[in-house]
Amino acid sequence: MMAMFEHLGLGLSVAATLQNIFFCFLGCLIGTLVGVLPGVGPVATISILLPVTLSLDPTGALIMLAGIYYGAQYGGSTTAILVNIPGEATAVVTAIDGHEMAKKGQAGLALGLAAIGSFIAGTIATIVIAALAMPMTRLGLLFGPAEYFSLMIMGLVLAVVLAHGSLVKALAMIVAGVLLSCVGADMETGRERMTFDIYMLTDGIEFVVLAMGVFGFGEIFKNLADPEKRDVMRGKIGRLLPTLTELRQNLGAILRGTGLGSVLGVLPGNGAILAPFASYALEKRISDRPQDFGTGVPQAVAGPESANNSGAQTSFIPLLTLGIPPNAVMALMVGAMMIQGIVPGPQVIQNSPDLFWGLVASMWIGNLMLVIINLPLIGVWVKLLKVPYRLLFPAIVAFCCIGLFSISNDGAQVIMAGIMGLVGFALYKLHFEPAPLALGFVLGRLLEEKLRQALIISDGSMTTFVTSPLSLGLLLVGAAALVIAVLPSIRKSRDEIFVED
Amino acid sequence: MFSFTRRVMLGVTAASLALSALPAAAQDYPSKPVTIVVSYAAGGGTDAIARVFAARLEEALGGRVIVENRPGAAANMGTDVVAKSQPDGYTLLIGNQGPMVVNPHIFKLRNDPAETLDPIAMIADAQLVVVAGPSLEVNSMQELLEKAKAGELVYGSAGNASASHVATLLLGQMAGVKLKHVPYKGAGPAINDLLGGHVDFMVTTVPSVIVLVQDGTLKALAVTGKERFSELPDVPTVAEAALPDYSASAWYGLLGPTGLPQDVRDKLAAATAETLSDPAFIESLQKDGGVPSHLVGQDFADFMAAERARWGDVVKAADIKVE
């Protein structure tokens, strides 16, 4: 324990130099900005800035890039809350209740809770990385294909809870999402599936295309079709910052979300994606007013946002301890380290402790920085809602198109998102929820990949999913959640909400 | 002193004569930024090598060089973009093993790279390394193959038809053993499952595992190239250790659309040669597990044709073709 504080002390002494604080600030600021712009994500930004980092010293460069990463996570939530466009899978959940809060005139409260929740989550996750990096790594290694598959099954069951309308419709959306995720070349044979010989579908549908289409463009169609509804909610702005009482009410959700995020973040292959969904489901389950979820409940923003942030941070663990990048951003971080002549992995702690602990400590400073940057900005963001819609929506469309184009420098993605927008509008008219669709889509890909990997390893034997205790445990949790979800009493309360809709 | 100046003067005169002998097109080239297309998203191995190369080429060429990522259609999108571009030297491709010589055997392609692309120069060669997971009790290539003969071993790969996959296919075919393939999306998740003991071994790029090999977590059994790798001097090649004729590596080269003017090609080949002898470039290449490998024009085309035939046989024998 003492050693940990010594290490963090060393880290702080490195991270708190004027130069490194500046890089941290710069990274967080750039990250927030690109996060706010829909579609322009941290991957594109970091790869553009990679050559620039060549001229910086290694610690400063990594601190800045890390800042961009979690800055973008936070910035993405801002867009999700204000205009209901989740730029990344992790912001889908934030958009559900966050945007409803914005409609009710609580945009400031939602943004404030997201910022403060993220800060608390970031602080705890920093300590987790410093104290538990090695045991967390071993936990991540326990998850082979079979265990991962069961985790995804559990995640899909949780997706049902995301919907606040009809259970059948939610299930239909999840299945549709899973089917959409199967579009593209088969992972084992390369054979094209459901591509209808359309070239741009060979690699499958990008998540950003689906999210911007169904949520972003769909939302715009919806607002244009329903101008009265839009104007009613647009007048109110409300208080900017949460009160102490509100903070206290949300502290539990923040801490639970942090715990979930910290654990799921270390799983290989982007397990952090599941964190906000799991947090939302947990909050809804233990809430004394689950029927209100989906209509703007603060806990449904604070919990998932904290889960998102702590997951983003603990996903550094496999990179730092094993040198394995769990997602695209981390792969870029590896690239940045290699440029600097540092090969990421366990020996970084021994060979350059100042860099390692400096980076860890800078994460905490970065989170503090995000609060400092974002709390005053909340007022600015919220004022965006005051911009007349006839000016706001073309701007949103333009930024979305830029973001979509930048995915593969190709107009095809923009067209596809336009089609998805029509789908999103149709879903809205027919009272289907897009969030379970997005979750089904995100998990579907991993689900298939892990199912097939597990079955290749087990020679096609399904028992592999129940012989591993971890896998069995996850399946049982999923089954229990499903039973609770379809219990008649609960279904009754669901139907009531559906009628209210 | 005088003679030295004279020699310089002569050199300059000769150089300017040589330059003025070139037609106007090449003299002006490049008069606008050159785009190098990479068929993968930013952040991967090919992207890293392309960016390092582009930065150096910029100096050698004396004009802006931009890397443009055009991922899609199983890395065949980049081929299409360049094949369809104007053959003026302003749109080039970093081609690597997968889309250039393996994919034509697996996918229905819109543009066959052998027909629509003009090989300018090979740039680099990166060998792979055979690593065994911590739970697999083998200490050499021989032991791995014996174990594989006794019972089916499971290997992970960075994806279907990736260099990591086809190199292992060749290994299994030459050794006459049956191996079970588990494809992953990229090397990272596969290495993770290798560490967790969910798969037995893997053939992967050097930078993806070098740290884990150096600290003893993973056992490097052999490297797949013709020579040992400088950073892993104690690790034998597969050829030394078990299969004398075995060699496999991931390689990278510069290509353009067919019909490039000869002088533009020459200028690019010369600039590439200059880049490849730059110690800073060699050093950064080494960090990505590669060594400069310089083949120009027809030699590069012949190399690709040989690679294409070779991997075609491997892929056909493994029956991973898509009908």
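It should be noted that the structure appears before, not after, this text.
Each value, and the rule that gives it
Residues numbered from 1 in each chain as written. Chains lettered and ligands numbered in written order. Predicted model: local features only at pLDDT ≥ 70, side-chain atom pairs only at ≥ 80, totals over all residues. Heavy atoms only, no water. Helix = DSSP H or I, 4+ residues; strand = E, 2+ residues; numbered from the N terminus. Rg over C-alpha atoms; globule rule 2.2 N^0.38 Å. Buried < 20%, exposed > 50% of the residue type's maximum accessible area, 1.4 Å probe, protein only. Core = buried A, V, L, I, M, F, W, Y, C linked by side-chain atoms within 4.5 Å. Contact = heavy atoms within 4.5 Å. Buried area = accessible area lost by both parts, 1.4 Å probe. Salt bridge = Lys/Arg side-chain N within 4 Å of Asp/Glu carboxyl O. Nonpolar A, V, L, I, M, F, W, Y, C, P; charged D, E, K, R; others polar. Axes fitted to C-alpha atoms, helices over the stretch in contact; angles between N-to-C directions. Parallel < 35°, antiparallel > 145°, perpendicular 65-115°, else oblique. Pairing = 2+ DSSP bridges. Phe/Tyr/Trp six-rings, centres within 6.5 Å; stacked < 30°, edge-to-face > 60°. Lys NZ or Arg CZ within 6 Å of the ring centre and 35° of its normal.

Colleague: I keep staring at the overall build of chain A and nothing clicks. Help me out?
Modeller: The helix and strand tally for chain A stands at 23 helices and two strands. Here the C-alpha atoms of chain A give a radius of gyration of 22 Å, agreeing with the 23 Å that 2.2 N^0.38 yields for 501 residues. Principal-axis analysis of the C-alpha atoms places the extent of chain A at approximately 60 × 60 × 50 Å. Counting all 501 residues of chain A, 59% fall into the buried class.

Colleague: It is not clear to me how the nonpolar core should be interpreted in this structure. Could you clarify?
Modeller: In this structure, Leu151(A), Met152(A), Ile205(A), Phe207(A), Phe316(A) and Met333(A) are the most contacted members of the largest nonpolar core, which totals 135 residues. Sorting elements by how many residues they give to this core places helix α17 (residues 353-384) of chain A first, with 14 residues. Those residues in contact with Phe316(A) that sit more than four places away from it in its chain are Ala66(A), Tyr69(A), Met330(A), Met333(A) and Met363(A). With 46 residues, the next largest nonpolar core counts Val130(B), Leu221(B), Leu255(B) and Met304(B) among its residues.

Colleague: What should I look at first to understand the interface of chain A and chain B in this one?
Modeller: The parts lose accessible area when they come together, and the size of an interface is often stated as this lost area. Contact with chain A, which involves 41 residues of that partner, is made by 43 residues of chain B. Between chain A and chain B, roughly 3,500 Å² of surface is buried when both sides are summed, and carbon and sulfur atoms account for 59% of that area. At the junction of chain A with chain B, the criterion picks out three salt bridges. Arg70(B) is the salt-bridge partner of Asp410(A), the closest N and O atoms lying 3.9 Å from each other. Ranked by the residues each element gives to the side of chain A that touches chain B, the list is headed by helix α20 (residues 434-457) of chain A, at six residues. Here the residues of the side of chain A that touches chain B are counted per class, giving 19 nonpolar, twelve polar and ten charged.

Colleague: Help me out: how do you make sense of the packing of helix α3 (residues 45-61) of chain B against helix α13 (residues 279-287) of chain B in this one?
Modeller: Angle between the axes and distance between the axes are the two parameters that describe a pair of packed helices. Residue and element names in this part refer to chain B. In contact at an axis separation of 10 Å, α3 and α13 are set at 175° when each is read in the N-to-C sense. In terms of orientation, α3 and α13 fall into the roughly antiparallel class. Across the interface between the two elements, Ile 49, Val 52, Phe 53 and Arg 56 from α3 touch Ala 280, Phe 281, Ser 284 and Leu 285 from α13. Considered class by class, the residues forming the contact of α3 with α13 number six nonpolar, one polar and one charged.

Colleague: Please explain the pairing of strand β9 (residues 249-257) of chain B as it appears in this structure.
Modeller: The side chains of a regular strand alternate, residue by residue, between the two faces of the sheet. All names here are of chain B. Within β9, nine of the nine residues are buried, which leaves the element mostly enclosed by the surrounding structure. The sheet contact formed by strand β3 (residues 91-96) and β9 spans four bridges and is antiparallel. Bridge pairing in β9 links Leu 93 to Leu 255.

Colleague: Hey, could you run me through unusual backbone geometry in this one?
Modeller: Among all residues save glycine, negative phi is the norm, and among peptide bonds the norm is trans. A cis geometry characterises the amide bond from Tyr29(B) onward to Pro30(B), with omega recorded as -5°. Here Pro30(B) lies in the loop between α2 (24-28) and β1 (34-38). A positive phi angle, near 60°, is found at His431(A), a position not held by glycine. Assignment of secondary structure puts His431(A) in the loop between α19 (412-429) and α20.

Colleague: In this structure, what is going on with the packing of aromatic side chains? I would like to understand it.
Modeller: The tally for this structure, following the rule as stated, stands at 16 aromatic pairs over all chains. Seen from their ring centres, Phe22(A) and Phe23(A) are 5.9 Å apart, and the 50° between their planes marks the pair as tilted. The class of Phe22(A) is partly exposed, set by a relative accessible area of 47%. Aromatic pair Phe221(A) and Phe425(A): ring centres 6.2 Å apart, planes at 70°, arrangement edge-to-face. In this pair, Phe221(A) is assigned in helix α9 (residues 207-225) and Phe425(A) in helix α19, connecting sequence segments 204 residues apart. Taking relative accessible area as the criterion, Phe425(A) reaches 21% and is therefore assigned partly exposed. Among the aromatic residues, those joined into a ring-pair cluster are Phe221(A), Phe425(A) and Tyr428(A). The lysine or arginine in question, Lys169(A), covers the ring of Phe432(A), its NZ or CZ lying 5.0 Å from the ring centre. Cation over ring: Lys32(B) sits above Tyr90(B), and NZ or CZ is 4.8 Å from the ring centre.

By themselves, these figures tell us nothing about what the structure is for.
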